[in-house]
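Topology and contacts: notes
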Protein chains: 2
Amino acid sequence: MEKINVGIIGFGTVGSGTVQILLEHKEMIANRVGSEIVVKRIADLDLETDRGLPISKTVLTKDAMEIIHDPEIHIVVELMGGTVKAKEYILAALKRGKHVVTANKALLAEHGQEIYQSAEENGASLGFEASVGGGIPIIRSLKEGLSANRIKTMIGILNGTSNYILTRMTQDSLPYEKAVEEAIALGYAEDPPTLDVDGTDAAHKLAVLISIAFGAPASFNTIFREGIDRLTPDDIVFAGEFGYAVKLLAIARDLGDMVEARVHPAMVPLDHIMANVNGAYNAIYLEGDFAGPHLYYGLGAGKRPTGSAVVSDIICLARQIRLGVKNLIPPLAHARSTAGTLRIRPVDELLSSYYFRFSAVDRPGVLSKVSGVLGKHDISIYSVIQKGRGKDRAVPIVMLTHEARERSVIQALRELDQLDILTDRTVTIRVEEGKERHDS
Amino acid sequence: MEKINVGIIGFGTVGSGTVQILLEHKEMIANRVGSEIVVKRIADLDLETDRGLPISKTVLTKDAMEIIHDPEIHIVVELMGGTVKAKEYILAALKRGKHVVTANKALLAEHGQEIYQSAEENGASLGFEASVGGGIPIIRSLKEGLSANRIKTMIGILNGTSNYILTRMTQDSLPYEKAVEEAIALGYAEDPPTLDVDGTDAAHKLAVLISIAFGAPASFNTIFREGIDRLTPDDIVFAGEFGYAVKLLAIARDLGDMVEARVHPAMVPLDHIMANVNGAYNAIYLEGDFAGPHLYYGLGAGKRPTGSAVVSDIICLARQIRLGVKNLIPPLAHARSTAGTLRIRPVDELLSSYYFRFSAVDRPGVLSKVSGVLGKHDISIYSVIQKGRGKDRAVPIVMLTHEARERSVIQALRELDQLDILTDRTVTIRVEEGKERHDS
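Residues numbered from 1 in each chain as written. Chains lettered and ligands numbered in written order. Predicted model: local features only at pLDDT ≥ 70, side-chain atom pairs only at ≥ 80, totals over all residues. Heavy atoms only, no water.

Some words on the overall build of chain A
Operational definition: Secondary structure elements follow DSSP: runs of H or I no shorter than four residues count as helices, runs of E no shorter than two count as strands, and numbering proceeds from the N terminus. C-alpha atoms define the radius of gyration, and 2.2 Å times the number of residues to the power 0.38 defines the globule rule. Burial status follows relative accessibility: with a 1.4 Å probe on protein chains alone, a residue under 20% of its type maximum counts as buried, one over 50% as exposed, and anything between as partly exposed. Only heavy atoms enter the contact rule, under which two residues are in contact if any of them lie within 4.5 Å. In summary, the charge assignment counts Lys and Arg as positive and Asp and Glu as negative, without counting His or the chain termini. Charge positions are represented by NZ for Lys, CZ for Arg, CG for Asp and CD for Glu.
Tallying secondary structure elements over chain A gives 14 helices and 18 strands in all. Compactness check: chain A gives a C-alpha radius of gyration of 24 Å against a globular reference of 22 Å for 440 residues, within 12% of the reference. Taking the principal axes of the C-alpha coordinates as reference, chain A spans close to 80 × 45 × 35 Å. In chain A, which comprises 440 residues, the proportion classed as buried is 63%. Excluding contacts between residues fewer than 6 apart, the proportion of contacts in chain A whose partners are at least 24 apart in sequence is 75%. In chain A, which carries 49 positive and 56 negative side-chain charges, the distance between the mean positions of the two groups comes to 2 Å.

In structure tokens:
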């Protein structure tokens, strides 16, 4: 086969990066694949903006269905985002036996099962390396490189925007709002960056990762998520005094008959390799039962890294198309499905150490009342920091607990809220020691 | 296809790890592949040692050729090591169209071209994930995950033994000899650990990596290598005072028409992510022109991690065998070869900063003489440390230079050796800032 034709739906940031690589590295890619890869058609509603790429106007169209109906197009690349139209286009392409590449984590997290099934039924392959970790080939590593392992633990810094904001809050004591403004100004965040900072984006990515790691679709809605928007530079300083860095982590663990999966701000030991992943970088730390601890680190977003991941999928599919191979590796890398949907353990069963920052009224006996309520709920205190009083009415009381049940923590915090000694909702950060654990 | 049969040559550490995974994860692997993988035959000269695995005696043989001649065996796994017999077996297996998996970096570095060619001619696939980086799927990441990139820079900590020794010298000021003894006692090093500490093992691995990254076999003998055996804890302390950690690095850079490739002790900035890779861990830092900087980190050796890499190759080949695919990804991941053999730039053309530790006689005017000779050769000094004199006759003079040509350094050190002011060979450590550079 001389040429393999690609159609691209969505000519925004990632679409432009993808086309740029396919053009700039045309010869190198042809040498790797053994066939030339041609960008035959690009669909986007905006045909006017100059993307700075030598693309003929005749390649562009406003109608994505032209790509799906073009019998000469082998690979459809969906880079438009969103979950309604994108889903429609992907399912239509798969139905016609076209291979599909997508970077759409929201779509895979929320409608993955339907898409994976359609790919298998139609003998089409689905590439989604770009959906998690930008240029880091983590999807492929789970599907192939670590295929001999049961994955015991996965800890990801999967949202570069949040990590940039937390890094600025840590290194330069910027308040949350300032760090967000800066991230928006630098183009690291949307305005407003809701899905980045509230944990949704990281949870989408975690849903994709655990589906591959454990071989079954995960129900996105059962993944607990909490954002970084209530953290202050003070929390980061207190965490540092306890020996921890604060990161927005996506955490998954194999519990045998269930999976733990949650996204929230967490304290990681300062000497853990994840504590040193800063700025817009992403990292995935994982432990395989044979391969042991691993780390993958790289740029988690952006035109060039994400384009690199999209094109790696195109190359992979082109190699298969050239040899007429179908269904070499199923979407979730399991030829025989093992489970229906992954069972995710409710977060209230979690056993964890906790950081609490109470905003307490400045009155004698408050600390005793707080610790009394905690004790009643079997939450024992490991360490307390009570700083000198400021001009404000409220004073912070900061605690690190021994391991406690999340359920008890929820009850204790609710009970404390009913007393008149706290002036604001308590800030909670779970501690993540970053190792495989065996809690029950 | 119901079953895929594997024959294993070499039942030592990695062979046992491989068999253990194939047995313990039999069901999980069958689910991933869609076919059962059966260990049909294992060849080893030692049939007596109990490997603690439930393997029937009838599976074992002393004659590796029984595996190669068995028409029912699909995949031959060579884990015996060495370059003579192993080469013979691998070529014989490929000639019969059998797929081959090997962990043998020495063989690939020294005779890769012949083996890669034979695989392609016979339509057989060759897996060698286990040859570099233990359980880290770096080979697959280069062949597939980063296939959209030109690799600009690769910096590897590829030899766990050396890294363990340097870590002990750094963290506990152990002399080199003590650290080596400890590594041997702990099973991290052979006795004597010559190929580990002299840079040969890391250079073998670098040869394999650059062959894939640049798509052509590298001539192993043209890779410069220098070991860690002349370093002392003092060198590590001095390096620390200059802001650097000392690591045995394997370094490669794309120079356009040539490749830079060298293995030697190097000083890396303390805040570079590579400076914090300690103990028996391996790491590969690389920069792709689109994906940007990346790090892969994990256990670089051992029964379980290396077994994980071997089995990942077996799974990958089994998926292809099941569908009757041949030559999906050629050994060097280039369907069209682009170059004959990689041209490696002679190390004397290197432009680098240097650390020198001169052992000088304790006489006035020595520093002036040394700097005079360096200046004559265009080597300018950035910083000097001269510590208080001890009881010994010789005093150390430690310098960090600005960038200088390796050729000039060699000439200057030779000239200094002819004077009567130095009492021992000068210790040289090249500085590696860990970024892509553009020297000419």
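Thoughts on the interface of chain B and chain A
You'll often see interface size given as the accessible area lost when the parts meet. Convention followed: Whenever a carboxyl oxygen of Asp or Glu lies within 4 Å of a side-chain nitrogen of Lys or Arg, that contact is scored as a salt bridge. Note: two strands are recorded as paired if DSSP finds a minimum of 2 bridges between them.
Taken residue by residue, the interface counts 61 residues in chain B and 61 residues in chain A. Here chain B is connected to chain A by two salt bridges. For E144 of chain B, the salt bridge goes to R140 of chain A, with nearest N and O atoms at 3.9 Å. Counting only elements with at least two residues in the side of chain B that touches chain A, the list comes to α1 (13-24), α2 (26-33), α6 (138-145), β12 (292-299) and α12 (303-322) of chain B. When residues of the side of chain B that touches chain A are assigned to their parent elements, the largest contribution, 10 residues, is made by α12 of chain B. Of the pairings in the sheet, the one linking strand β12 (residues 292-299) of chain A to β12 of chain B comprises five bridges and is antiparallel in character. Note on β12 of chain B: the bridge partner recorded for Y297 of chain A is L295 of chain B.

Examining the packing of helix α6 (residues 138-145) of chain A against α6 of chain B
Rules: A fitted line through C-alpha atoms serves as each axis, taken over the contacting stretch for helices, and the angle formed by two N-to-C directions is quoted from 0 to 180°. Oblique is the label for any angle not under 35 degrees, not over 145, and not in the 65 to 115 range, which are roughly parallel, roughly antiparallel and roughly perpendicular in turn. Whether a crossing is left-handed or right-handed is set by the direction in which the near helix is turned from the far one by less than a right angle, anticlockwise for left-handed and clockwise for right-handed. Each residue is assigned to one of three groups, with Ala, Val, Leu, Ile, Met, Phe, Trp, Tyr, Cys and Pro labelled nonpolar, Asp, Glu, Lys and Arg labelled charged, and all others, Gly among them, labelled polar.
Taken N-terminus to C-terminus, the directions of α6 of chain A and α6 of chain B make an angle of 125°; their axes are 10 Å apart at the nearest point. In terms of orientation, α6 of chain A lies oblique with respect to α6 of chain B. The interaxial crossing formed by α6 of chain A with α6 of chain B has right-handed handedness. Judged by residue contacts, R140, S141, E144 and G145 of chain A of α6 of chain A engage R140, S141, E144 and G145 of chain B from α6 of chain B. Classifying every residue of the contact of α6 of chain A with α6 of chain B gives no nonpolar, four polar and four charged.

A word on the domain arrangement of chain A
Residues and elements named next belong to chain A. The cut-off we apply is this: Boundaries between domains were set according to an automatic or database domain assignment. Buried area: the accessible surface (1.4 Å probe) lost by two parts on joining, summed over both.
Along its sequence, chain A is organised into domain 1 (3-135 + 303-322), domain 2 (139-299) and domain 3 (347-431). Domain 2 and domain 3 are separated by 25 Å when their C-alpha centres are compared. Across the boundary between the two partners, domain 2 contributes 19 residues, which contact 18 residues of domain 3. Of the roughly 1,700 Å² buried between domain 2 and domain 3 on both sides combined, carbon and sulfur atoms contribute 65%.

Points about the relation of the copies chain B and chain A
Spelled out, the test is: The copies were overlaid by least squares, fitting only the C-alpha atoms of residues that reach a pLDDT of 70 or more in each copy.
Aligned on chain A, chain B shows an RMSD of 0.0 Å; the corresponding rotation is 180° and the shift along the axis is 0.0 Å. Interpreted geometrically, this transformation is the action of a two-fold axis. Scanning chain B for the C-alpha nearest the rotation axis identifies Y296 of chain B, at a separation of 2.4 Å. Taken together, the interface assignments show that 100% of the residues at the interface of chain B recur at the interface of chain A, consistent with an identical surface on both copies.

Topic: the environment of V398 of chain B
Residues and elements named next belong to chain B. Of note, V398 is situated in strand β16 (residues 394-401). Accessibility expressed as a relative area gives 0% for V398, which makes it buried. A C-alpha to C-alpha distance of 8.4 Å links V398 and S383, two positions 15 residues apart in sequence. If we skip the residues at most four places from it in the chain, V398 touches F238, F242, Y355, F356, R357, S383, V384 and I385.

Remarks on the sheet that holds strand β2 (residues 36-43) of chain B
Residue and element names in this part refer to chain B. With parallel pairing, the six strands of this open sheet are ordered in space as β3-β2-β1-β4-β5-β6. Each of the sheet's edge strands pairs with one partner strand only, and the pair in question is β3 (60-61) and β6 (126-127). Where strand β5 (residues 99-102) lies against β6, two bridges are found, and the strand directions are parallel. The partner of V101 across the bridge, within β6, is G127.

Comments concerning the pattern of salt bridges
All names here are of chain A. Tallying each qualifying case throughout the model produces 50 salt bridges over all chains. D201 is paired through a salt bridge with K205; the nearest N and O atoms lie 2.7 Å apart. Of this pair, D201 and K205 both sit in helix α10 (residues 200-214), separated by four residues, roughly a single helical turn. Classification of K205 as buried rests on a relative accessible area of 6%. Through salt bridges with shared partners, a single ionic network connects R253, E260, R262, R345 and E432.

Structural notes on the packing of aromatic side chains
All names here are of chain A. Defined as follows: Pairing of aromatic rings covers Phe, Tyr and the six-membered ring of Trp, with a centre-to-centre limit of 6.5 Å; geometry is then stacked below 30 degrees between planes, edge-to-face above 60, and tilted otherwise.
Evaluated as defined, the whole model comprises 13 aromatic pairs over all chains. With a centroid separation of 5.9 Å and an interplanar angle of 15°, the aromatic rings of Y354 and F356 are classed as stacked. The exposure class of Y354 is buried, given its relative accessible area of 0%. Of the residues examined, F356 reaches a relative accessible area of 0% and is grouped as buried. Clustering of aromatic rings is evident, with ring pairs tying together Y354, F356 and F358.

Overview of helix α5 (residues 105-121) of chain B
All names here are of chain B. For clarity, the threshold we go by: The bend at a residue is defined as the angle formed between two axes, one fitted to the seven residues ending at that residue and one fitted to the seven starting there.
Of all bends in α5, the biggest is about 90°, found at H111. Tucked inside the fold, the buried residues of α5 contact β4 (75-78), α4 (85-95), β5, β6 and α10 (200-214). Positive phi appears at G123, one or two residues downstream of α5, with a value of about 60°.

Some thoughts on the nonpolar core
Threshold: Buried Ala, Val, Leu, Ile, Met, Phe, Trp, Tyr and Cys residues that are joined via side-chain atoms within 4.5 Å together make up what is termed a nonpolar core.
Counting 174 residues, the largest nonpolar core has I138 and I210 of chain A together with I138 and I210 of chain B as its most contacted members. With sequence-adjacent residues up to four places away left out, I138 of chain A is seen in contact with E129, V132, L209, I284, L286 and Y296 of chain A. Among the nonpolar cores identified, the runner-up in size contains 33 residues, and I4, I8, M28 and V101 of chain B belong to it.

What to know about the sheet that holds strand β2 (residues 36-43) of chain A
All names here are of chain A. Spatial strand order, β3-β2-β1-β4-β5-β6: six strands in an open sheet with parallel pairing. A single partner strand is all that each edge strand has here, and the edge strands are β3 (60-61) and β6 (126-127). Across two bridges, β2 lies against β3 in parallel orientation. Paired with I42 across the two strands is L60, which belongs to β3.

Some details on the environment of L419 of chain A
Among the secondary structure elements, L419 of chain A is positioned in the loop between α14 (406-418) and β18 (427-431). Each C-alpha atom, one on L419 of chain A and one on G17 of chain A, is 55 Å from the other, the two residues being 402 residues apart in sequence.

Let's talk about the confidence of the model for chain A
Rules: Per residue, pLDDT measures the predictor's confidence, with a range of 0 to 100.
Of all residues in chain A, 97% have pLDDT values of 70 or greater, and the mean over the chain is 93. Model confidence for the complex: the whole-complex pTM is 0.95, and ipTM, which rates the interface, is 0.94.

A closer look at the side chain of H377 of chain A
Its place among the elements puts H377 of chain A in the loop between α13 (366-376) and β15 (381-386). Under the relative-accessibility criterion, H377 of chain A is labelled buried at 14%.

With respect to the pairing of β4 of chain B
All names here are of chain B. The cut-off we apply is this: By convention, a crossover is right-handed whenever its connection, traced from the first strand over the helix to the second and viewed with the strands pointing away, goes clockwise.
Taking every second residue as pointing to the same face, both faces of β4 are buried, with I75 and V77 on one and V76 and E78 on the other. Of the pairings in the sheet, the one linking strand β1 (residues 3-9) to β4 comprises four bridges and is parallel in character. Looking at β4, one finds that I9 is bridged to E78. One crossover worth recording links β4 to the parallel β5 by way of α4, and it is right-handed.

Digging into α10 of chain A
Convention followed: By this rule the span expected of a helix is its residue count minus one, scaled by 1.5 Å.
Along its 15 residues, α10 of chain A runs 21 Å from first to last C-alpha, staying within 8% of the 21 Å computed at 1.5 Å per residue. Counted residue by residue, α10 of chain A has 15 buried out of 15 residues, so it is predominantly covered.

A few points about the side chain of D44 of chain A
Residue and element names in this part refer to chain A. Rules: Counting of polar contacts relies on pairs of N or O atoms within 3.5 Å, with two restrictions inside protein: one atom must be capable of donating a hydrogen and the other of accepting it, and residues adjacent in sequence are counted only when both atoms are side-chain atoms.
Examined against the element boundaries, D44 turns out to sit in the loop between β2 and β3. Among the polar contacts made by the side chain of D44, one reaches the main-chain amide nitrogen of F11 at a distance of 2.5 Å. One polar contact links the side chain of D44 to the main-chain amide nitrogen of D46, over a distance of 2.8 Å.

Brief notes about unusual backbone geometry
Residues and elements named next belong to chain A. With an omega dihedral of 0°, the bond running from D191 to P192 counts as a cis peptide bond. We note that D378 has phi near 65°; this positive angle belongs to a residue other than glycine. Here D378 is to be found in the loop between α13 and β15. Taking the relative accessible area as the measure of exposure, D378 reaches 68% and is therefore exposed.

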